[in-house]
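# Observations on the model geometry
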Amino acid sequence: MSVKLSIIYYSSTGTNYQLAQWAKAAAEAKGAEVRLVKVTELAPMGAIESNPAWKEHYEATKDVPEATSDDITWADALLFSVPSRFGTMPSQMKQYIDSQGGLWANGQTINKVVSAMSSAQNPHGGQEATILSLYTSMMHWGAIIAAPGYSDPVLFGAGGNPYGTSVTVSGEGEMQEDVKGAVEHQVNRTLDIASMVVNGSN
């Protein structure tokens, strides 16, 4: 049985959308069924339009479906990707997670296999803390966290974040580390663990 993976992301200027796209390609190559969805943008249009890169990305991704509760119930595994906002997840992702109380109350988040990725403008700008903020919510959900740890040498070249792939982004929007391989490894590891949960393992 193939694993169903929902990749749920928020991106203002495109970094986490790129991470999500790499994840989608890797998951499909492994034979997973994949949904790539974005959480609803909450920022006012005035704020978006004041930043050319934000406005460009907002317009370019209008056709990406918005995440709903069904993307959680459908999936065996969830991969989140978000930028850091003062060391925690953005309000857009927090609002999405906070709106899943009905699923949580009915036990529909239990044993979902989850993993997360992040970005920030400097290496100590909250990349790890942002992922941990997501994982705290996932513990309340009764989910199974599939952190990459140091399970492959590719992680060291990508910054060595054991909680999940993270990347430093310059003021010009350029990724400072080569993290594509780390994303692919994290996705494969997440799918392997989800397969054990879904299909059983001896």
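What counts and what doesn't
Residues numbered from 1 in each chain as written. Predicted model: local features only at pLDDT ≥ 70, side-chain atom pairs only at ≥ 80, totals over all residues. Heavy atoms only, no water. UniProt positions renumbered as here; feature names shortened; annotations may be inferred. Helix = DSSP H or I, 4+ residues; strand = E, 2+ residues; numbered from the N terminus. Buried < 20%, exposed > 50% of the residue type's maximum accessible area, 1.4 Å probe, protein only. Contact = heavy atoms within 4.5 Å. Lys, Arg positive; Asp, Glu negative; His and termini not counted. Charge placed at Lys NZ, Arg CZ, Asp CG, Glu CD. Phe/Tyr/Trp six-rings, centres within 6.5 Å; stacked < 30°, edge-to-face > 60°. Lys NZ or Arg CZ within 6 Å of the ring centre and 35° of its normal. Salt bridge = Lys/Arg side-chain N within 4 Å of Asp/Glu carboxyl O. Polar contact = N/O pair within 3.5 Å; in protein donor to acceptor, adjacent residues only side chain to side chain.

- Going by the annotation in an unreviewed UniProt entry, the name recorded for the protein chain is NAD(P)H dehydrogenase (Quinone), with Alkalibacterium pelagium given as the source organism.
- Its UniProt record, at the heading Sequence similarities (unreviewed entry), says of the protein chain: "Belongs to the WrbA family."

## Looking at the overall build of the protein chain
- In terms of helices and strands, the protein chain carries 9 helices and 6 strands.
- Across its three principal directions, the C-alpha atoms of the protein chain cover 55 × 40 × 30 Å.
- The buried share of the protein chain, taken over its 202 residues, is 50%.
- By sequence separation, contacts in the protein chain at least 24 residues apart represent 77% of the contacts at least 6 residues apart.
- The positive charge centre, built from 12 side chains, and the negative charge centre, built from 20, are 5 Å apart in the protein chain.

## Observations concerning the packing of aromatic side chains
- Taken as a whole and assessed by the stated rule, the structure comprises 2 aromatic pairs.
- With centroids separated by 5.4 Å and ring planes inclined at 35°, the aromatic side chains of Tyr9 and Tyr17 adopt a geometry described as tilted.
- Of the residues examined, Tyr9 reaches a relative accessible area of 1% and is grouped as buried.
- Given the relative accessible area of 18%, Tyr17 is considered buried.
- Aromatic side chains Tyr150 and Phe156 sit 5.3 Å apart centroid to centroid with 15° between the ring planes, which places their arrangement in the stacked category.
- Here Tyr150 falls in the partly exposed class, since its relative accessible area comes to 49%.
- Taking NZ or CZ as reference, Arg35 lies 4.2 Å from the ring centre of Trp74, over its face.

## Some remarks on the environment of Tyr163
- With respect to the helices and strands, the residue Tyr163 is situated in the loop between helix H8 (154-157) and strand S6 (166-168).
- Along the sequence, Tyr163 and Ser115 sit 48 residues apart, while their C-alpha atoms lie 8.3 Å from each other.
- Among all residues touching Tyr163, those that are not within four sequence positions of it are Ala116, Glu128, Ile131, Leu132, Tyr135, Ala147 and Pro148.

## Regarding the pattern of salt bridges
- Applying the stated criterion across every chain yields a total of 7 salt bridges.
- In this structure, Lys180 and Glu184 form a salt bridge, with 2.8 Å as the shortest nitrogen-oxygen distance. Separated by 4 residues within a single helix, Lys180 and Glu184 lie in helix H9 (residues 180-199), roughly one turn from each other.
- Accessibility expressed as a relative area gives 35% for Lys180, which makes it partly exposed.
- Among the charged side chains, a salt-bridge network with shared partners connects Arg35, Asp70 and Asp71.

## Examining the environment of Lys62
- Secondary-structure assignment places Lys62 in the loop between helix H3 (52-60) and helix H4 (70-74).
- Residues Lys62 and Lys38, spaced 24 residues apart in sequence, show a C-alpha to C-alpha distance of 9.8 Å.

## Some words on the UniProt feature "domain: Flavodoxin-like" (unreviewed entry) in the protein chain
- In this structure's numbering, the residues bearing the UniProt feature "domain: Flavodoxin-like" (unreviewed entry) are residues 5-191.
- Annotation note: span residues 5-191, helix share 42%, strand share 17%, distance between end C-alpha atoms 8 Å.

## What to know about the side chain of Gln127
- Mapped onto the fold, Gln127 is located in helix H7 (residues 127-141).
- At 3.4 Å, the side chain of Gln127 forms a polar contact with the backbone oxygen of Val167.
- Discounting chain neighbours no more than four positions away, the residues touching Gln127 are Ser118, Ser119, Ala120, Asn122, Asn161, Ser166, Val167 and Thr168.

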